[in-house]
Amino acid sequence: MKFQANTIKKFLGGSTKVVASMGHIRDLPKSKLGVDTKNFEPQYINIRGKGDLIKSLKDDAKKAKKVYLATDPDREGEAIAWHLAHILNIPDDSICRVT
């Protein structure tokens, strides 16, 4: 994954910052159902050990003029991009996906 970020950086060059999420950053909890049964909404939690990475990604996103989410073009990539957009507080109308 870091290899992919480095490859993308080579194509973009310049002062563009490319950062890897290193895969999934959130998941459903393993210790309980993980779904609010009254509203039928999932209750995602940050994956253990990803806290520092998430903080770093948030800091980078705050400093950026524009954030592009470049994940794999499959359902896992879509899930990762969706979670990143949510956790980085990117408004729905300004999400930029690159596959």
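The notes below deal with the structure included here. Since we're looking at a predicted model, the values are computed, not measured.

**A closer look at a nonpolar patch on the surface**
Here is step 1 of the chain: Nonpolar side chains collect at one region of the surface, where Ile8, Phe11 and Leu12 lie side by side and expose about 340 Å² of accessible area between them.
Here is step 2 of the chain: Turning to its location among the elements, Leu12 is positioned in helix α1 (residues 2–12).

**A short note on the pattern of salt bridges**
Here is step 1 of the chain: One pass over the full model with this rule turns up three salt bridges.
Here is step 2 of the chain: Close ionic contact of Lys17 with Asp60 constitutes a salt bridge, the shortest N to O distance being 3.1 Å. With Lys17 in the loop between α1 and β1 (26–27) and Asp60 in helix α2 (residues 51–63), this residue pair connects regions lying 43 residues apart in the sequence.
Here is step 3 of the chain: By relative accessible area, Lys17 is classed as exposed at 61%.
Here is step 4 of the chain: You can call Asp60 buried: its relative accessible area is 18%.
Here is step 5 of the chain: A salt bridge links Arg97 to Glu78; the shortest N-O distance between them is 2.7 Å. Taken as a pair, Arg97 in strand β6 (residues 96–98) and Glu78 in helix α3 (residues 75–87) lie far apart in primary sequence, 19 residues in all.
Here is step 6 of the chain: What makes Arg97 partly exposed here is its relative accessible area of 28%.

Definitions and cut-offs
Residues numbered from 1 in each chain as written. Predicted model: local features only at pLDDT ≥ 70, side-chain atom pairs only at ≥ 80, totals over all residues. Heavy atoms only, no water. Patch = residues over 30% accessible without salt bridge, like charges linked within 9 Å, V, L, I, M, F, W, Y side chains within 5 Å. Areas by Shrake-Rupley, 256 points an atom, 1.4 Å probe, with all protein chains shown as cover. Salt bridge = Lys/Arg side-chain N within 4 Å of Asp/Glu carboxyl O. Helix = DSSP H or I, 4+ residues; strand = E, 2+ residues; numbered from the N terminus. Buried < 20%, exposed > 50% of the residue type's maximum accessible area, 1.4 Å probe, protein only.

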